[in-house]
Amino acid sequence: MKLRKTLAILMASAMVLSMTACGSSSSAPAAEKEETASASTEETADVPADAEVVIQIAYENNPGEPIDLGCNEWKRLIEERSNGTMAVELFPSSQLGSKTDLVDQMLMGEGIIHIGDGAFWADYGAPELGIISAPYIYDDWSQYHKLLTTDWWQEQVDLLAENGLRITTANWEYGVRELMTTKEVQTVDDLNGLIIRTPDNVMQMKTWEMMGAAPTAMPLGDVYTATQQGTIDGMENPMATLYGQAYYEVAKYITMIDYIRMPIQWITSEEWFQGLTEEQQQILCETGDEAGLFHNQKQDEMLDQYIADMESNGVTIIYPDDAEQARFKEAAQKIYDNKEVTANWSDGLYDKIREMIAK
């Protein structure tokens, strides 16, 4: 599960994103900062009196996770670059409500920015976006960043905008999704009948059905208690989230199936976005890409420590051999033949995407 990538590839992706997401010319991101963004969000409620724009950035992750560190860096960059005329309030740990509720507010023009992935945004006017967070679609992160430079990607950005949602930044690597359970899972067969929490999207729920589990959609904030009470047998998420939510207290097995290399996008209201000046739009998107690079670096730096801390808390890390990994992959990839998942995709989309990112 190699997460390392070159800074050069990511810098190129960030420049492209500033053009595709904001619709304006981009400039190279600033050199990577040496300082570490603070995990604390205690000061986010203090909005400068001279702020012309107040931005609320909301996410399910807890303070101290890489997402939170990246958001603190984004806040710092926005306020610094705008000379304090743009202020940011951070709301971790689902403080502003569920993803669906927040999207509804964005569609009504609220100035909220929220985290999500293609499988979720596919339900908001760009159905083919589901494939960007599909199982085993990328061999490495560089392939996702290459996808962001294509005409196909720009078409998806435009479709979402037409339906009221604006991608502000998209180069954030949420991580590789793994399986964490209360019962040992060594093989695909061990999944039979296990109740696994997934996000509320067809893509991931159908994927787990294909692998033999019984998926159930549930807000992230409810997963700890549901696991503790035995309502579910486990969950899937990148290591940073599994650790950050303290699931090691209620589940003791992690199976490293690497089934989705999950990129995330930060979405806001298109109506609200168009109410910003061109300079404010550019600041918002360019600093988002820069914070994305910062976040990705933190994900890499912290991964080994998460694994070590999990083990020190009594969690057994299971690494299926190549033959068993192939079985997980074969089972999961059956979703590409599932009409419920692919009903609104163009013919041959999977092959088209694989060809684009392989060049």
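Above this note sits the structure.
Residues numbered from 1 in each chain as written. Predicted model: local features only at pLDDT ≥ 70, side-chain atom pairs only at ≥ 80, totals over all residues. Heavy atoms only, no water.

K.L.:
Please explain the overall build of the protein as it appears in this structure.
P.N.:
The helix and strand inventory of the protein stands at 14 helices and nine strands. Here the protein holds 359 residues, and the buried ones make up 58% of them. For the protein, the proportion of contacts with a sequence separation of at least 24, taken over those separated by at least 6, is 78%. With an accessible surface of roughly 14,200 Å², the protein has 46% of that area assigned to carbon and sulfur atoms. (Helix = DSSP H or I, 4+ residues; strand = E, 2+ residues; numbered from the N terminus. Buried < 20%, exposed > 50% of the residue type's maximum accessible area, 1.4 Å probe, protein only. Contact = heavy atoms within 4.5 Å. Areas by Shrake-Rupley, 256 points an atom, 1.4 Å probe, with all protein chains shown as cover.)

K.L.:
What am I meant to see in the packing of helix H2 (residues 66-81) against helix H11 (residues 278-312) here?
P.N.:
The description of two helices packed together rests on the angle between their axes and the distance between the axes. Between H2 and H11, whose axes approach to 8 Å, the crossing angle comes to 150°. The angle between the axes of H2 and H11 places the two elements in the roughly antiparallel class. The interaxial crossing formed by H2 with H11 has right-handed handedness. Along the contact surface, H2 presents Pro66, Ile67, Leu69, Gly70, Glu73, Trp74, Leu77, Ile78 and Arg81, while H11 presents Ile283, Leu284, Thr287, Gly288, Glu290, Ala291, Phe294, His295, Lys298, Gln299, Met302 and Tyr306. (Axes fitted to C-alpha atoms, helices over the stretch in contact; angles between N-to-C directions. Parallel < 35°, antiparallel > 145°, perpendicular 65-115°, else oblique. Left-handed = near helix turned anticlockwise from the far one by under 90°.)

K.L.:
What is the right way to read the pattern of salt bridges from this model?
P.N.:
Counting across every chain of the model gives 14 salt bridges. Between Glu340 and Lys206 there is a salt bridge whose closest N-O contact spans 3.2 Å. In this pair, Glu340 is assigned in helix H13 (residues 339-342) and Lys206 in helix H7 (residues 202-210), connecting sequence segments 134 residues apart. A relative accessible area of 17% means that Lys206 is categorised as buried. Where Arg327 meets Glu324, a salt bridge forms, and the shortest distance between an N and an O atom there is 3.1 Å. In this pair, Arg327 and Glu324 both sit in helix H12 (residues 322-332), three residues apart, roughly one turn of the helix. One salt-bridge network, held together by shared partners, links Glu73, Arg76 and Glu80. (Salt bridge = Lys/Arg side-chain N within 4 Å of Asp/Glu carboxyl O.)

K.L.:
Teacher, can you tell me more about H7 here?
P.N.:
Since there are 3.6 residues in each turn of an α-helix, residues three or four apart along the chain are aligned in direction. Along H7, the positions that sit buried rather than exposed are Met203, Gln204, Lys206, Thr207 and Trp208. If you check the start of H7, you find a side-chain oxygen 3.3 Å away from the backbone N of Met203, and it comes from Asn201. Two residues or fewer past H7, Gly212 is found with a positive phi of approximately 100°. (Polar contact = N/O pair within 3.5 Å; in protein donor to acceptor, adjacent residues only side chain to side chain.)

K.L.:
Is there a simple way to think about the packing of aromatic side chains in this case?
P.N.:
Think of a pair of aromatic rings as described by two things: how far the centres are apart, and how the planes are tilted against each other in angle. Counted by the stated rule, this structure contains twelve aromatic pairs. Ring centres 5.3 Å apart and planes at 65° place the aromatic pair Trp172 and Trp266 in the edge-to-face group. Of the two residues, Trp172 sits in strand E4 (residues 165-181) while Trp266 sits in strand E8 (residues 253-269), which places them 94 residues apart along the sequence. In this structure an aromatic cluster arises from ring pairing among Tyr59, Trp74, Trp172 and Trp266. If you follow Lys99 out to its NZ or CZ, it ends over the ring of Phe120, 5.6 Å from the centre. (Phe/Tyr/Trp six-rings, centres within 6.5 Å; stacked < 30°, edge-to-face > 60°. Lys NZ or Arg CZ within 6 Å of the ring centre and 35° of its normal.)

K.L.:
Teacher, can you tell me more about the side chain of Asp68 here?
P.N.:
Position of Asp68 among the secondary structure elements: in helix H2. Buried and unpaired, Asp68 has no salt bridge, with Lys75 as the nearest side chain of opposite charge at 11 Å. (Lys, Arg positive; Asp, Glu negative; His and termini not counted.)

K.L.:
Looking at this model, I keep getting lost on the environment of Val54. Mind explaining?
P.N.:
Within the secondary structure layout, Val54 lies in strand E1 (residues 53-58). Counting along the chain gives 35 residues from Val54 to Glu89, while the straight-line C-alpha distance between them is 7.3 Å.

K.L.:
Sorry, what's going on with the layout of surface pockets here?
P.N.:
To find leftover empty space, a probe the size of one water molecule is rolled over the atoms. Put simply, the largest pocket is a space of about 500 Å³. Together, 26 residues line the largest pocket, and Glu60, Lys99, Arg197, Pro199 and Leu220 are the ones closest to its centre. Those elements that place two or more of their residues in the lining of the largest pocket are helix H3 (99-107), strand E3 (112-116), E4 and E8. Looking at the lining of the largest pocket, its residues break down into ten nonpolar, nine polar and seven charged. (1 Å grid on protein atoms, 1.4 Å probe; cavity = no way out; pocket = protein on both sides within 12 Å on 5 of 7 lines; lining within 4 Å. Points joined across faces, edges and corners; volume = space filled by probe spheres on them. Nonpolar A, V, L, I, M, F, W, Y, C, P; charged D, E, K, R; others polar.)

K.L.:
Is there a simple way to explain the pairing of strand E2 (residues 86-91) in this structure?
P.N.:
Where a strand is regular, its side chains alternate between the two sheet faces. Burial runs high along E2: six of the six residues are buried. Here E2 shows a buried face lined by Met86, Val88 and Leu90 and a second buried face lined by Ala87, Glu89 and Phe91. Two strands pair when backbone bridges link them, and E1 and E2 are joined in this way by six bridges, in the parallel orientation. By the bridge assignment, Gln56 is partnered in E2 with Glu89. Once you follow E1 into H2 and on to E2, the crossover reads as right-handed. (Pairing = 2+ DSSP bridges. Right-handed = clockwise from strand over helix to strand, strands pointing away.)

K.L.:
How should a negative patch on the surface be read in this particular structure?
P.N.:
Together, Asp151, Glu155, Asp158 and Glu162 give the surface a local cluster of negative charge. Locating Asp151 in the fold gives a position in helix H6 (residues 151-162). Asp151 sits in the exposed class, given a relative accessible area of 64%. (Patch = residues over 30% accessible without salt bridge, like charges linked within 9 Å, V, L, I, M, F, W, Y side chains within 5 Å. Charge placed at Lys NZ, Arg CZ, Asp CG, Glu CD.)

K.L.:
Got a minute to help me understand the environment of Asp123 in this structure?
P.N.:
Along the polypeptide, Asp123 turns up in the loop between helix H4 (118-121) and helix H5 (141-147). Remark: the alpha-carbon pair of Asp123 and Asn201, spanning 78 residues in sequence, is separated by 8.6 Å.

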